Number of protein chains: 2
Amino acid sequence: MSVAAPDEPGIVLAVDIGGTLTKLAWAAADGTIGEVTRVSSPRSAEAVSVDGLAEVIAERAAGRDGVRGFGLVAPGIVDADAGLVRTAPNLGWLDVALRDRLERLTGLPGAVGHDVRTAGLAEWRLHQPNETDLLFVALGTGIAGAPVVDGRLLAAGGYAGEIGHWAVAEGSGRVCACGRMGCLETVASAAGIVREYVRLGGAAENAAEVADLARRGYRAALDTFARAAAALGEALGRYNTLLGPRLVVLGGGLSGAADLLIPPVTAVIRAGVTFEREPRIVRAGLGADAGVIGAGLLGWDRVGRPEEAGRG
Amino acid sequence: MSVAAPDEPGIVLAVDIGGTLTKLAWAAADGTIGEVTRVSSPRSAEAVSVDGLAEVIAERAAGRDGVRGFGLVAPGIVDADAGLVRTAPNLGWLDVALRDRLERLTGLPGAVGHDVRTAGLAEWRLHQPNETDLLFVALGTGIAGAPVVDGRLLAAGGYAGEIGHWAVAEGSGRVCACGRMGCLETVASAAGIVREYVRLGGAAENAAEVADLARRGYRAALDTFARAAAALGEALGRYNTLLGPRLVVLGGGLSGAADLLIPPVTAVIRAGVTFEREPRIVRAGLGADAGVIGAGLLGWDRVGRPEEAGRG
């Protein structure tokens, strides 16, 4: 690999690790990324292998000129400031000093962040840069949030934003992967939508199918989305009481069904507001690659953007 | 009034306005305050009078040398950065540019803040200065919180912290002053404790009396506190899932009953934790004057502390 020449901005490798697949893309300083490629997450025994991950990064970097560093996001409890992954059940990790280990193994400077909070960072910086109080909610297999308050993305040592694990009325009786009952994500995540639809006697491979059936007026699919919207409205109304966002951005895979969710969710929140302000709810501007785009931003935050270097 | 001489630190007038009484005290730059005096809040017709308040401040300032400015806290939705009170039903205010009006009327520089968030600021700065993630909860006539995340007190334009208006299971069927049903403060505030005790057939003037009866083993009083603790545990557990505080500080008048609340509230949170960390719950170090002490800190933040002036 060769480092960036003084007169070129160079490039950052953006990485989004999952339990099964890892996404990679080259990221420019302005947030644009190249083609996203998917590789199997390198595993050893029960866990994703940090050594294997370092090899993937180093190999990519060796094949290109001007590589400045990397930005990487992971699921779980991730302390971005410290570069630590505290727990990531899907990756089999517990207290991994990920940033330092990858920097040492690859010889590149890098940053580590949480997948959903970093996707929210990308959405906020690239699409809502003037909003100081917003919540990005990723509706995927699970549900998590990226809270922005007073113009700052909250971290709380990696613990901030787990709105998917708030108990809601519509979740009553449903067991959550976290071990509790009735969490929002049991009924309002993409996986929850499929489970609820099956519970009503339907059959669908994924939430997009259920959404299509709902748009065509099928009762069980409509009921499934009504339940998800009621649950999401309850949780977002509660968030609104505590942190008063002006904007809620729905992201993640299920945001493809935002047309089915935004009107009823807005109605639930509106019906509950007394002293609070009412947030606007919109669909995310970035698609499924928000995490890898955010990883690129983190990498550039770490190595310094060209214009910043010029000013420094 | 005379301004501070260059060689003296001077003093700030700290003011805590309520619908009925206003507290005043002289505040030094280190957060210490003199004797707290109470005056009737100056009213005209339906509202607390801003002109009257300015007169109170100007009169006090005229009687003392070295007055640098004022710091003032109010209940309601208060945007401290903008110096605005958006709504304060207890004061009869709607969209009052309080800081600018008081500065103009008194000729003194000043700061305006929210009573509970500012009490939380005082508690944090003076008693827990090294904690980056904490929640201060004021258990008074109502309940409100001051969330500190990543070493910053959250404001959200004045809307942050209204945890007292989260619906909880134990509040079921109780109408809240905010217009909704089942809010935390209907059963776990000082006023809620008295109402619940009366509902169970008891008679008490205030929550301290109910607490005394609970300590002496009376059933209805114990049941009242058990309900309050269950409600508080539910709300704090939920806050913990979203914002992961390491410390929860119980303040306000009902913190005198912290001995009755901390063990059961801790047990409720502990029973619910899965991926979260478990916060420590402590009683506030500052007493009933936390609001006026915080008002003094705000005033000094505004005029600049002597050591800062020396460094500047």
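Let me sum up the structure you'll find in this document. No experiment lies behind these values; they were computed from the predicted model shown.

Attention now goes to the interface of chain A and chain B. Each side of the interface is counted separately: chain A has 32 residues, and chain B has 32 residues. Between chain A and chain B, a total of about 2700 Å² is buried, with carbon and sulfur atoms accounting for 63% of that surface. Together, Tyr159, Leu242 and Phe275 of chain A form the three largest contributors to the area buried by chain A at its contact with chain B, with a combined 24%. At the junction of chain A with chain B, the criterion picks out 20 residue pairs in polar contact (both at pLDDT 80 or more). When residues of the side of chain A that touches chain B are traced back to their parent elements, those giving at least two are β13 (152-153) and α7 (219-243) of chain A.

Now for the packing of aromatic side chains. With the rule as written, the count across this model stands at one aromatic pair over all chains. When the ring of Trp166 of chain A is compared with that of Trp166 of chain B, the centres are 5.5 Å apart and the planes differ by 80°; the resulting orientation is edge-to-face. Here Trp166 of chain A is found in the loop between β13 and α4 (185-188), whereas its partner Trp166 of chain B is found in the loop between β13 (152-153) and α4 (185-188) on a different chain. As far as burial versus exposure is concerned, Trp166 of chain A and Trp166 of chain B are alike and both buried. Lying over the aromatic face of Trp26 of chain A, Arg64 of chain A brings its terminal NZ or CZ to 5.0 Å of the ring centre.

Attention now goes to the relation of the copies chain A and chain B. Screw-axis analysis of chain A against chain B gives a translation of 0.0 Å along the axis, an RMSD of 0.0 Å, and a rotation angle of 180°. What we have between these two chains is a two-fold relation. Comparing contact sets, 100% of the residues at the interface of chain A also lie at the interface in chain B, consistent with an isologous, same-surface contact.

The subject of this paragraph is the packing of α7 of chain A against helix α7 (residues 219-243) of chain B. The geometry of α7 of chain A relative to α7 of chain B is characterised by a closest axis approach of 12 Å and an angle of 90° between their N-to-C directions. As far as their axial angle goes, α7 of chain B and α7 of chain A are roughly perpendicular. On the side of α7 of chain A, the interface is formed by Arg238, Tyr239, Leu242 and Leu243 of chain A, while α7 of chain B contributes Arg238, Tyr239, Leu242 and Leu243 of chain B.

All names here are of chain B. Along helix α6 (residues 207-215), the positions that sit buried rather than exposed are Ala207, Val210, Ala211, Leu213 and Ala214. The arc that holds the buried residues of α6, viewed along the axis, is 160°, so those residues lie on one side. Residues of α6 that are buried make contact with α5 (190-199), α7 and α8 (258-272). The N-terminus of α6 is capped by Asn206, whose side-chain oxygen sits 3.2 Å from the backbone nitrogen of Ala208. At the exit of α6 stands Gly217, carrying a positive phi of roughly 90°.

What counts and what doesn't
Residue numbering note: each chain is counted from 1, following its sequence as written. Labels follow written order: the first chain is A, the first ligand is 1, and so on. Given that this is a predicted model, residues contribute local features only at a pLDDT of at least 70 and side-chain atom pairs are listed and counted only at 80 or more, while totals for whole chains, interfaces and linings are drawn from all residues. With hydrogens and water set aside, each side-chain value is computed from the structure's full complement of heavy atoms. In this analysis, two residues are considered to be in contact whenever any of their non-hydrogen atoms come within 4.5 Å of each other. Buried area adds together the accessible area that both of two parts lose upon being put together, with accessible area traced by a 1.4 Å probe. Residues adjacent in sequence count toward polar contacts only when both atoms are side-chain atoms; beyond that, a polar contact is any pair of N or O atoms within 3.5 Å, and within protein one must be able to donate a hydrogen and the other to accept it. Secondary structure elements are defined from DSSP: runs of H or I of at least 4 residues count as helices, runs of E of at least 2 residues count as strands, and each element is numbered from the N terminus. Aromatic pairs are defined between Phe, Tyr and Trp rings, using the six-membered ring for Trp, whenever the two ring centres lie within 6.5 Å; interplanar angles under 30 degrees are classed as stacked, those over 60 as edge-to-face, and all others as tilted. Partly exposed residues are those whose accessible area sits between 20% and 50% of the maximum for their type, while under 20% is buried and over 50% is exposed, using a 1.4 Å probe and protein chains only. Geometrically, a lysine NZ or arginine CZ counts as sitting over a ring once it is within 6 Å of the ring centre and also within 35 degrees of the ring normal. The copies are overlaid by a least-squares fit using only the C-alpha atoms of residues whose pLDDT is at least 70 in both copies. Lines are fitted to the C-alpha atoms to define the axes, a helix being fitted only along its stretch in contact, and any angle between axes, read from their N-to-C directions, falls within 0 to 180 degrees. For classification, angles of less than 35 degrees are called roughly parallel, those exceeding 145 degrees roughly antiparallel, those between 65 and 115 degrees roughly perpendicular, and all remaining angles oblique. What the arc describes is the spread of directions from the helix axis to the C-beta atoms.

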